[in-house]
Amino acid sequence: MAQFSYFFLFFFIYTINPCYSADQIDEFSTIAFDVDYFHGDYSPPSPPPPSLPPLPPSLSCEEDLNGIGSLDTVCELNSSVNFHNDVYIAGNGSFHVLPDVVLSCPIKGCSISINVSRGEFRLGQNAGVFAGTVFVSAWNASFFKGSVVNVSGLAGQPPSQTSGTPSGIQGAGGGHGGRGASCVTDNTKLPDDVWGGDAYSWSSLDKPWSYGSKGGTTSKEKDYGGEGGGRIRFEVEETIEVEGSLLANGGDGGVKGGGGSGGSIFIKAHRMIGSGSISASGGNGFAGGGGGRISINVFSRHDDTEFFIHGGKSFGCPDNSGAAGTYYDAVPKSLTVSNHNMSTSTDTLLMEFPKQPLWTNVYIRDHAKASVPLFWSRVQVRGQIHLSSGAVLSFGLAHYASSEFELMAEELLMSDSVVKIYGALRMSVKMHLMWNSKMLIDCGADAIVATSLLEASNLVVLKESSVIHSNANLGVHGQGFLNLSGPGDMIEAQRLILSLFFSINVGPGSVLQGPLENASNNDMTPQLYCKLQDCPMELVHPPEDCNVNSSLPFTLQICRVEDIIIEGIVTGSVVHFHWVRAVIVHSSGAITTSALGCTGGVGRGKVLNNGLAGGGGHGGKGGEGYYDGSFIEGGISYGDADLPCELGSGSGNDSLAGATAGGGIVVMGSLEHSLSSLSVYGSLRADGESFGDDIRKHDHRTVSNIGPGGGSGGTILLFVHTVKIGDTSVISTAGGHGSPSGGGGGGGGRVHFHWSDILIGDEYVPIASVKGSIDTRGGFGRGQAHTGENGTITGKACPKGLYGIFCEECPIGTFKNVTGSDRALCYNCPSDELPSRAIYVNVRGGVTESPCPYKCISDRYHMPHCYTALEELVYTFGGPWLFGLILLSLLILLALVLSVARMKYVDGDELPALMPARRGSRIDQSFPFLESLNEVLETNRTEESQSHVHRMYFMGPNTFSEPWHLPHSPPEQVIEIVYEDAFNRFIDEINDLAAYQWWEGSIYSILSILAYPLAWSWLQQRRKMKLQQLREYVRSEYDHSCLRSCRSRALYEGLKVASTTDLMFAYVDFFLGGDEKRGDLPPRLHQRFPMSLVFGGDGSYMAPFSLQSDNIVTSLMSQSVPPTIWYRLVAGLNSQLRLVRCGHLKLTFGHVISWLETHANPTLIRYGVRVDLAWLQPTSSGYCQFGLMVCATSNENVRHWSEGQERYIPSVEQSRWHGTCRRDSVGSSGATEHLMIRQKIFGGILHAKSLITLKVKRAICYPFSFLVYNTKPVGHQDLVGLLISMLLLGDFSLVLLTLLQLYSISLLDFFLVLFILPLAIVFPFPAGISALFSHGPRRSAGLARAYALWNITSLINVEETSVKFNASLALIVLFHNAVAVAVTAFVCGFLHYWIYSRKKHMNFQSWNFGMDESEWWMLPSGLVLCKIIQARLIDCHVANLEIQDHSLYSSDPDVFWQS
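Residues numbered from 1 in each chain as written. Predicted model: local features only at pLDDT ≥ 70, side-chain atom pairs only at ≥ 80, totals over all residues. Heavy atoms only, no water.

### As for the overall build of the protein chain
Move 1: Each helix and strand in the protein chain was counted, giving 22 helices and 69 strands.
Move 2: Across the 1459 residues that make up the protein chain, the buried fraction comes to 56%.
Move 3: Summarising the internal contacts of the protein chain: among those between residues at least 6 apart in sequence, 66% fall at separations of at least 24.
Move 4: Of the roughly 61900 Å² that the protein chain leaves accessible, carbon and sulfur atoms contribute 55%. (Helix = DSSP H or I, 4+ residues; strand = E, 2+ residues; numbered from the N terminus. Buried < 20%, exposed > 50% of the residue type's maximum accessible area, 1.4 Å probe, protein only. Contact = heavy atoms within 4.5 Å. Areas by Shrake-Rupley, 256 points an atom, 1.4 Å probe, with all protein chains shown as cover.)

### Looking at the packing of aromatic side chains
Each aromatic ring pair is specified by the distance between its two centres and by the angle formed by the two planes.
Move 1: Under the criterion given, the structure shown has 33 aromatic pairs.
Move 2: Plain terms: the ring middles of Phe395 and Phe405 are 5.7 Å apart, the flat faces sit at 55° to each other, and that makes the pair tilted. Residue Phe395 is found in strand 25 (residues 392-395), and its partner Phe405 is found in strand 26 (residues 404-408); the two are separated by 10 residues along the sequence.
Move 3: You can call Phe395 buried: its relative accessible area is 0%. (Phe/Tyr/Trp six-rings, centres within 6.5 Å; stacked < 30°, edge-to-face > 60°.)

### A look at the sheet that holds strand 63 (residues 1055-1059)
Move 1: Taken in spatial order, the three strands make up an open sheet running 62-64-63, and their pairing is antiparallel. Edge positions in the sheet fall to strand 62 (948-953) and strand 63, since each has one partner strand and no second. Adjacent strand axes in the sheet meet at a mean angle of 25° when their direction is disregarded.
Move 2: Of the strand pairs in this sheet, strand 62 and strand 64 (residues 1066-1071) are connected by five bridges, and their pairing is antiparallel. Bridge assignment links Arg951 to a residue of strand 64, and that residue is Asp1069. (Pairing = 2+ DSSP bridges. Axes fitted to C-alpha atoms, helices over the stretch in contact; angles between N-to-C directions.)

### Examining the pairing of strand 63
Move 1: Within strand 63, four of the five residues are buried, which leaves it mostly tucked inside the rest of the structure.
Move 2: Counted along the chain from strand 63 to the antiparallel partner strand 64, the turn is six residues long, and its residue Leu1063 has a positive phi close to 65°.

### Section: the environment of Phe883
Move 1: Looking at where Phe883 falls in the secondary structure, it is placed in helix 3 (residues 880-909).
Move 2: Under the relative-accessibility criterion, Phe883 is labelled buried at 13%.
Move 3: The contact partners of Phe883, leaving out residues within four places of it in the chain, are Leu873, Val874, Phe877 and Leu1297.

### Re the side chain of Ser264
Move 1: Note on placement: Ser264 falls in strand 14 (residues 264-274).
Move 2: A relative accessible area of 0% places Ser264 in the buried class.
Move 3: Those residues in contact with Ser264, other than ones at most four positions away along the chain, are His176, Pro208, Trp209, Ser210, Gly230, Arg231, Ile232, Ala248 and Arg293.

### Some words on a negative patch on the surface
Move 1: Residues Asp988, Glu989, Asp992 and Asp1039 make up a contiguous surface patch of negative charge.
Move 2: Following the sequence through the fold, Glu989 ends up in helix 5 (residues 980-994). (Patch = residues over 30% accessible without salt bridge, like charges linked within 9 Å, V, L, I, M, F, W, Y side chains within 5 Å. Salt bridge = Lys/Arg side-chain N within 4 Å of Asp/Glu carboxyl O. Lys, Arg positive; Asp, Glu negative; His and termini not counted. Charge placed at Lys NZ, Arg CZ, Asp CG, Glu CD.)

### What about the sheet that holds strand 15 (residues 277-279)?
Move 1: Pairing is parallel in the open sheet, where seven strands are placed in the order 3-6-8-10-13-15-17. Among the strands making up the open sheet, the edge pair consists of strand 3 (81-82) and strand 17 (306-308).
Move 2: Sheet topology places strand 3 next to strand 6 (residues 102-104); two bridges connect them, and they run parallel. Residue pairing for strand 6: Asn82 is matched across the bridge by Ser104.

### Details of the pattern of salt bridges
Move 1: Summed over the entire model, instances satisfying the criterion amount to 24 salt bridges.
Move 2: In this structure, Lys430 engages Glu410 in a salt bridge whose closest nitrogen and oxygen atoms are separated by 3.4 Å. Here the residue Lys430 occupies a position in strand 29 (residues 424-435), and Glu410 occupies one in the loop between strand 26 and strand 27 (411-415), the gap between them amounting to 20 residues.
Move 3: For Glu410, a relative accessible area of 31% translates into the label partly exposed.
Move 4: Bridged by salt links that share partners, the residues Lys108, Lys214, Asp223 and Glu227 form one connected network.

### Let's talk about a nonpolar patch on the surface
Move 1: The grouping of Phe877, Leu882, Leu885 and Ile886 at the surface amounts to a nonpolar patch, some 360 Å² of accessible area in total.
Move 2: One can find Leu882 in helix 3.
Move 3: When its relative accessible area of 42% is taken as the criterion, Leu882 is described as partly exposed.

### Section: the environment of His737
Move 1: The residue His737 is located in the loop between strand 51 (730-732) and strand 52 (750-755) in this model.
Move 2: Residue His737 is classed as buried on the basis of its relative accessible area, which comes to 18%.
Move 3: Through-space distance from the C-alpha of His737 to that of Gly747 is 9.5 Å; in sequence the pair is 10 residues apart.
Move 4: If near-sequence neighbours (up to four positions away) are discounted, His737 is found in contact with Glu689, Ser690, Phe691, Gly709, Gly710, Arg777, Gly779, Phe780 and Arg782.
Move 5: A distance of 2.9 Å separates a polar side-chain atom of His737 from the backbone nitrogen of Phe780. (Polar contact = N/O pair within 3.5 Å; in protein donor to acceptor, adjacent residues only side chain to side chain.)

Structure, rendered in structure tokens:
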């Protein structure tokens, strides 16, 4: 038990004073410390460990404390207790101080110790503990709302050998965590050198256990100083709840005494909650006391506690309160120095930082002023150093700036704060952010610490007028971004090096500067090489390491940076960009070395004794000054224009105030490492300085208006790959202006573009885009002084093909085959090598050799001679004459071959020779077989013809505008076999069915405009469909109710609809049913007279007039005329009708009337029959049909023919005829017309007189009728075939040549012609060959249809149609199309010629437009002529093919009838 008590006692003593040691520590005097030994390095001494306090006996709960219960269980204190000595309360239970109960020992240094380590300590609401020292050890501790533990102003003696209590009667504040303030003003000292009580206990700030110090007094008689703060220490195993206040503030000293410094508060627990306040602030007084120290060692914090460690207020100097104390959070290892926004100039000392383990974060905030006074010290943390809200962090002593400091952290964050370095700084952080903050580096005059290095590997950002300033050398390095965000942001030094960043952004209003403006001239000032004739090699061959080196000529260097964006100002004497990829100078940005060059220099102008001088020289000579009638020589020109690197020279005398300086030098890149790109939208300046108009002052001496000339411009040396100079940008090395009294103007400087790796040939890209200005002019001389000469603008010598400063491609039409930049090296290309239709073209990389490349003025011309496709073909075969001769020879040869082939083919394919028919045969085989006629006898239909009553013809041409229709009134011939009402209904139904739809006519109208052959095909297709509908209706749908015959109605055989093969007209036949029992039906032939036979066709080339003689007509006519006579008559009549042309009926019908009178009627009257040409069935639109009117005659020699008789043909001379159809003058026609009226036949006989009044409507294809029409055969088939062969080949050749010509004009014209009527271009030759080789009747029409695609849908209904007619039809359609193509070619050619002849060709010489452009009309004209001749020959050829029996055209009737 005794051993346990001894151990417990030792543990308690160690807990009260952990710094206790058995060894006695020697005394330490700050006065005896040799400060000069470390050149001013000041290190306050560490205090000795406090002595072990006496251990009073433990009090009991009920007897000593008047409480309830026991300390081994629960002791509740329900009444206040005052103590006068140290108190020790211990037990194994809990100790509860109930609400409103106070434990008090109001004696300085009095200690209240409570040890309930196994129980719980509670300080109830509004309860309190007051003493000099309060120590609580418990399992849990709770300080309820309103409770307070207050040791303020109750401190015992501070540690010995410390100087926390100020001496003297200045009323200074006491020191502890921070120095006490001093309101004493000493002009011989800096504010930083004046303070009150010093700081101490730095080494134990993690477990503070020192009393605060007493403040000083202002009176020798009485000590008015405030007492220091006491000590609070809580050691809690689990949770501590702080809802009340823990106070260890320094005591107030009033207006006559300094405030005491704050005490110490240390809390150790596992968990902390609550929202109370913990304060160890300094006391108020004449000079405020320094803050104390607070340390929290809590693993799990869930509190919202307020901490106060600020210094006390200074009534004697309100702006200088006591320094802030320290707040240390042990678990995250972070240190906070905060002065609660109380301004101060008194330091909180940050002594040696721990090296193992490192602190995590250091926060200096709220106007706290911290100082690292130890020389050669390192401030290193693992996390961030954060300065904010007016905080100040200083390194070293202002009087002894001869040390180097290290700052190492992850982040250095500065917001409204200042970092001061007295000496040099080596900073290494990952991120450095500044917001309205300053970093000021003052190296003094010690060259040893003249270079500071700031390294931020990731990011450096300056915002809101942040400044990094050094009065010596400064290097800023990083691997990420350096961003000067906006106005006021600045990095400046006497020599500034920025390196290793990925990107540097100098924002609008920001400044990079080196050297400093208006800096004193000392060892730190860069020394310029003004006296050197040759520039230092480091400017063009800089070192690769980018280190800060004061021996180099640079004053500002940016090295090893990818991208530099300048929107602010970069200024210095020698500005160098080394190993940089891209530089962009925006419109608000500027790189300037203006007036920062030499005040003397090689080119300084001469100076008179009165200070008047000529201008400085550099790229150009300085202007001469003028004074009192004499000129003062300006400075000389110096340097190498091809590689300039000199500073500009000044003017005047250095000893005079009026000296001006030349421009500095800007070097971008180097010979080894050029900039990839330079984009300038702002300015690059190295201008010389101008002398102002006003009186200047320098070194406090006044200088008169007589002054020097202007300084010369400096140098801008650019090692670049590409340059872009914007519209408003300026690159200037202009000279300065002279003084008003006659100073000469400064000479212009030098600008040089040293291009790197200029690509040539096809890889060339423009290396410069220059829209702004480059100025090297000389400055103005004032008065009568002269202006300085202009400087130079040069570029590296350009390779072949390029010229000028910016190595542009030589102008079009020139070539350059040597290296150099002079424009004269681009020689003109020889003009004789350029074709007439060609222009010179630009070639990437320029033209390096002759001949120069060119191109044709249009894509329609082809290289190398700029010929059209047609001209290329012509000149390939030796020129126009030789080509024409070759083509003609080839055409003749091929035509002969085709003719021979045709003759062999036709001979092999001809039918056997025609043999004369035997007399008495039913049909004479010698008669021609006409493809357009349906002449096949149908002997098996005889019974049908015997029951035929009447043929009723449809009226109208069967077109979309006027379809077929039947008249309503039944004719007299059928009035006895039909019911009139039913017949009229039948007529209405037939007429409705025969009508076309509106859309069918619309399609026809559109196609008629676009392509008439398609319209004709569409019309034939609809006609065929309409005929099929009419046939089907009458055959199967109509019930024949209009017929009286029951048998006809039952068998649907009384009515039949038929038409001609050309579908031009149709008719309805009426037949008897057999049950009429009428002897007068069917009527005989003579009973039908006059009888009309209507022609088929419309007189066009496609459908000529023809008489359709079917078996019914033949059977009827055989009652009077032998069939052979009738067949021969029909054949001859159709041959004559073949020559009738629509549109020329008055002329062509006259030949038919004559033929009828000379050939037909003299023979027919022998049989009592006469035929006349008549017009029939007129319609309201003016359309009428043409045909024959057959009537009987009164002839004495009428021969009666019966079937089986021998053929008898009387001679014309022996025949005489008269009777009812006599044609003597008008009588016969009148008789016939009388019979027509009686038979209700509407029309009239056509004779020579009536033809004059005949009115005919024009067909849609009438414009082509003067080229192609039906002609009479003329024979000579072989000769015609040969000519057609030649024309076909010539046509084919001309079409191809025309297409080539149109393709040469434009691709649009080519497709326009090709697609208007494509088949006219694609198939004229094969279609012509098809027609040429067609001969004889052929049942298969497949090949012809393939060549007549335009009309295929209109031809397939006629299976018997021969290839001859199909081929001729194809040819005429193709001819029409080819004419349209020729017309289109004419239009395209004329428009092309008119446009090109009027157009001003600005991009080629006038002589390139040759006269051959006017020959565009030749090929289309030849094509039209060929088509016209070809059309006539084809017509003759087709006519020969269609009519094999030429006796049909004989003018001798005997020959005609005997053949």
